[in-house]
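Below, each chain spelled out in residue letters.
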Amino acid sequence: MRQAMIISNPSSGKEQAQQYVSQVKRILASQQYEVVVNETAQEGDATNFCLDACKNRCDLVISIGGDGTLHETINGMMDQDHRPTLGIVPLGTVNDFARALHIPLDPEEAIRGLSSNHVRAVDVGNMNGRLFANVVAAGSLAEALSSVSSEEKSKLGSFAYLKEGLKDLVNTPANRLTIEHDGQIWEGDSPLFLAALTNSVGGFEKLSPDAVVDDGVIHCFVIRNMNIFNTLTLGTSLLFGSLKDHKDVEYFTAKDVRVTSNEPIGTNVDGEEGPPLPIQIQVLPQYMKVIVPEEVQADED
């Protein structure tokens, strides 16, 4: 029989993960999978579980949880000769990666979609030796976004980031950044640098509308010094998908990016606090296979 592993975060989805685990098990059993279930209890568990799945040559790994659980899960695939196909049941407040792949945000719909025979090879990023699925942010504003509480995210969803971001764009000083990308250099003052692999960042699906999950490049945005008026126009550009055209935004695509600063500056990776600068980012084209809804695969074909 084919082997599948379910990696579940029991605290996700208002602690409803357990009932979804049972539904996933039934779906997989109907597809002749032998299923192992692992629940996370502490940081790093999902990575270790997925690493075991790779070493045991499992055919499929299902991540049940939010973007943090997914981020940990995919890191178990780092440098592995065998990487199982990934299935996603999104239970978080934002679920950027699921949005980008048009995986239903309703957990029960997403579970039904696991019976799809269609998979898509998608890009992931490597930042300082760790994989990420969606976005890296660097700068003083990125540090502020890391402080958005779970309660705010649960109540406001993606607008928690917008609320915190617009507030802090005005109050947060810019930092001197040096950004090297594919042999070119940008240097200047910026409160925020974004490196996105998909079109959805912080729940805003138009932040980088040109980004496709398998286009082989990183979509980069550098926000320059801001004032109150520019902050408002930036928010409008974000909502309408024209951020890259804003006069105070530097936009480029690259395969390899290095960000440094003489100041101590933090990062945010897939919505969670990341390491301080410097950071080195590379895109790993079509590194991972993910189950996608049949209608999405048909559209791509």
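Definitions and limits used
Residues numbered from 1 in each chain as written. Predicted model: local features only at pLDDT ≥ 70, side-chain atom pairs only at ≥ 80, totals over all residues. Heavy atoms only, no water. Helix = DSSP H or I, 4+ residues; strand = E, 2+ residues; numbered from the N terminus. Buried < 20%, exposed > 50% of the residue type's maximum accessible area, 1.4 Å probe, protein only. Lys, Arg positive; Asp, Glu negative; His and termini not counted. Salt bridge = Lys/Arg side-chain N within 4 Å of Asp/Glu carboxyl O. Polar contact = N/O pair within 3.5 Å; in protein donor to acceptor, adjacent residues only side chain to side chain. Contact = heavy atoms within 4.5 Å. pLDDT = per-residue confidence, 0-100. Axes fitted to C-alpha atoms, helices over the stretch in contact; angles between N-to-C directions. Parallel < 35°, antiparallel > 145°, perpendicular 65-115°, else oblique. Left-handed = near helix turned anticlockwise from the far one by under 90°. Core = buried A, V, L, I, M, F, W, Y, C linked by side-chain atoms within 4.5 Å.

1. Looking at the side chain of Asp 45
Along the chain, Asp 45 turns up in helix α2 (residues 45-55). For the buried Asp 45, which has no salt bridge, the nearest side chain bearing the opposite charge is Arg 130, at an N-O separation of 12 Å. A distance of 3.0 Å separates a polar atom in the side chain of Asp 45 from the backbone nitrogen of Gln 42. The contact partners of Asp 45, leaving out residues within four places of it in the chain, are Thr 40 and Glu 72.

2. Overview of the confidence of the model for the protein chain
Per-residue pLDDT for the protein chain has a mean of 85; in total, 79% of the residues score no lower than 70. A low-confidence stretch, residues 152-160 (pLDDT under 50), is modelled with 18 contacts involving residues beyond four sequence positions or located in other chains.

3. Some points on the packing of α2 against helix α3 (residues 67-75)
One way to put it is that α2 packs onto α3 with a least axis distance of 7 Å and a crossing angle of 40°. In terms of axis orientation, α2 runs oblique to α3. The chirality of how α2 crosses α3 is right-handed. Residues Asp 45, Ala 46, Thr 47 and Cys 50 of α2 form the contact with α3, whose participating residues are Thr 69, Glu 72, Thr 73 and Asn 75.

4. Structural notes on the nonpolar core
The biggest cluster of nonpolar side chains holds 30 residues, and the ones touching the most others in it are Leu 86, Phe 97, Leu 101, Met 288 and Val 290. Secondary structure elements with two or more residues in this core: β1 (2-8), α2, α3, β4 (85-90), α4 (96-100), β5 (119-127) and β16 (279-291). In terms of residues, this core owes the most to one element, α2, which gives five residues.

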